[in-house]
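Working through the structure, step by step
Residue-level listing of the chains:
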Amino acid sequence: MDRRKVVIASFWVVGVFGVSQLLRLGGNLVVTRLLEPEMFGLMAIVYIVMQGVVMFSDLGFWAFIVRHENGTEERLLNTVWTMQVLRGWLMFFGIVMLAIILIINNRILHIDLGYIYSDSKLPFLLIVIGLTSIVGGYKTLASAVESRELKRGRLELIELIAQLIGTGVMLFWAWKLPSIWALASAGVIASIVNVVLTAKLFDYKHKLAWDRDIVTEVFDFGKWIFIASILTYLAQQGDRLILGSYISAQELGIYSIAFMLIGAISSVLDQLNYKIFFPIFSKVVNSNLSTQKLRQKYYFIRLRQDVVVFFIAGALIATSPKIIEILYDDRYLSAGWMMQILSFSLIGLGLTKLGMECLSALGITKIRMHIMFCRALSVFIGIPILFYYYGFLGAIWGVVLGSFSGIPIQYMEMKKQNIFSLFSEIRMLPMIIIGYLLGCFLCEYPIFLNIENLSLMRIVSSE
């Protein structure tokens, strides 16, 4: 694949997504001063439930089109789009049913599900946010088709514009009428804008179609992705689902801040691996090149990725409390030590994410299910046990341990496919120490970056 095309596509993904994360952070910094921490805890549960519905119905439509040799064929695209529309409606009906169950429990059954799950606003928030499932179902498949050739420019700009408009609406609403509905508005508006812009800026027009052979092929490809998506959801979101029953909405809101900041880095990694490197690996496989070529391509990318990811992980382990102190007011200071612990999870994710995409390109989607099963098991067994013995601190370490739990299974499968080298997997781990030492230096000698004068609360107070 043309290296220039890869570099350009990577620039769009990292650059625009990086700006998107900064925009998200900026919006978050403003609304945390306009709204109470409890609202962030409640919205965290809403989005976790929404993501659960999405991932519990994931058949890998995007990956199916990217990887398919005839992925641009009109009949195939129309059939997949029809399946996507049906999925969107089914997701919405599932959310409505869940909301009704919560309403019945709150008003009639009164089963103790924890403070957050008993909040009377939760069912109605779910229904409103759930409308994005219907909207998203009608989105064209331009993203998958364009990604086959790494044409990411317009796609990334659309996502950025959608987020900018959604964030703008959220901030205006929070300023004029401070309420949890300001937070809810961002996702709904951004989803509508994204679908509309994608339809306007690309020529892909779909119509309802149903080809049984294609549907069968999609299910055959996506069955392991479907199971893996469920397990991925449980592994990645299970911490907040569990903690929602153990801690208050305020504590969960503060934890969500720490998780969001670490998640921003993890999301950039996801975007690169899924949108850029997975298509690259798929092209190597579809070109019938040797496994040795795939291995060379994999470790060529891993070397460069590990330098960045491990360095950032080390730096965040050292600087997380200071970062929270600079960005947030005193109500959120405890997010500092939470973020510090969660930084260790970046190491585990760096060791596994790219390898999973490499195996997926080979069509070995079942391995993702096995890895996520280990992680989910680790989360749902480890967090309650560690919370019981060590409290909230132990539970957060349980989240970190989950990111490492699937490594042995993944490495065994990679070795079986002749794409594994233990030395190449761990050679950049010393970058963690380098990042940590630099972070300690910056915290010990803040005058180097004039860090003490960067506190946003000081700036606001001086005004």
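Relevant structure appears above.
A brief look at the structure comes next.

**Focus on the overall build of the chain**
Along its length, the chain carries 18 helices and zero strands. Here the chain has a C-alpha radius of gyration of 22 Å; the compact-globule value for 463 residues is 23 Å, and the two agree. Along the three orthogonal principal directions, the C-alpha set of the chain runs to about 60 × 55 × 45 Å. Here the chain holds 463 residues, and 54% of them are scored as buried. Counting contacts in the chain only where the partners sit at least 6 residues apart, residues at least 24 apart contribute 84% of the total.

**What about helix H9 (residues 212–243)?**
Between the first and last C-alpha of H9 there are 43 Å, a value that for 32 residues agrees with the 46 Å anticipated at 1.5 Å per step. When the local axis directions of H9 are compared, the greatest deviation, roughly 60°, occurs at glutamine 237.

**Considerations on the packing of helix H14 (residues 366–402) against helix H15 (residues 407–416)**
Helix-helix packing is described using two parameters, namely the angle between the two axes and the distance between the axes. Two elements in contact, H14 and H15, have axes whose closest approach is 8 Å; the angle formed by their N-to-C orientations is 160°. Considering their axes alone, H14 and H15 lie roughly antiparallel with respect to each other. The chirality of how H14 crosses H15 is right-handed. Of the residues in H15, those in contact with Ile367, His370, Ile371 and Cys374 of H14 are Ile409, Gln410 and Glu413. Here the residues of the contact of H14 with H15 are counted per class, giving four nonpolar, two polar and one charged.

**Focus: helix H13 (residues 345–361)**
The terminal C-alpha atoms of H13 lie 25 Å apart, and with 17 residues this matches the ideal 24 Å at 1.5 Å per residue to within 8%. Counted residue by residue, H13 has 17 buried out of 17 residues, so it is predominantly covered. Immediately downstream of H13, the backbone of glycine 363 shows phi near 85°, a positive value.

Basis of the calculations
- Residues numbered from 1 in each chain as written.
- Predicted model: local features only at pLDDT ≥ 70, side-chain atom pairs only at ≥ 80, totals over all residues.
- Heavy atoms only, no water.
- Helix = DSSP H or I, 4+ residues; strand = E, 2+ residues; numbered from the N terminus.
- Rg over C-alpha atoms; globule rule 2.2 N^0.38 Å.
- Buried < 20%, exposed > 50% of the residue type's maximum accessible area, 1.4 Å probe, protein only.
- Contact = heavy atoms within 4.5 Å.
- Expected span 1.5 Å × (residues − 1).
- Bend = angle between axes of the 7 residues up to and from the residue.
- Axes fitted to C-alpha atoms, helices over the stretch in contact; angles between N-to-C directions.
- Parallel < 35°, antiparallel > 145°, perpendicular 65-115°, else oblique.
- Left-handed = near helix turned anticlockwise from the far one by under 90°.
- Nonpolar A, V, L, I, M, F, W, Y, C, P; charged D, E, K, R; others polar.

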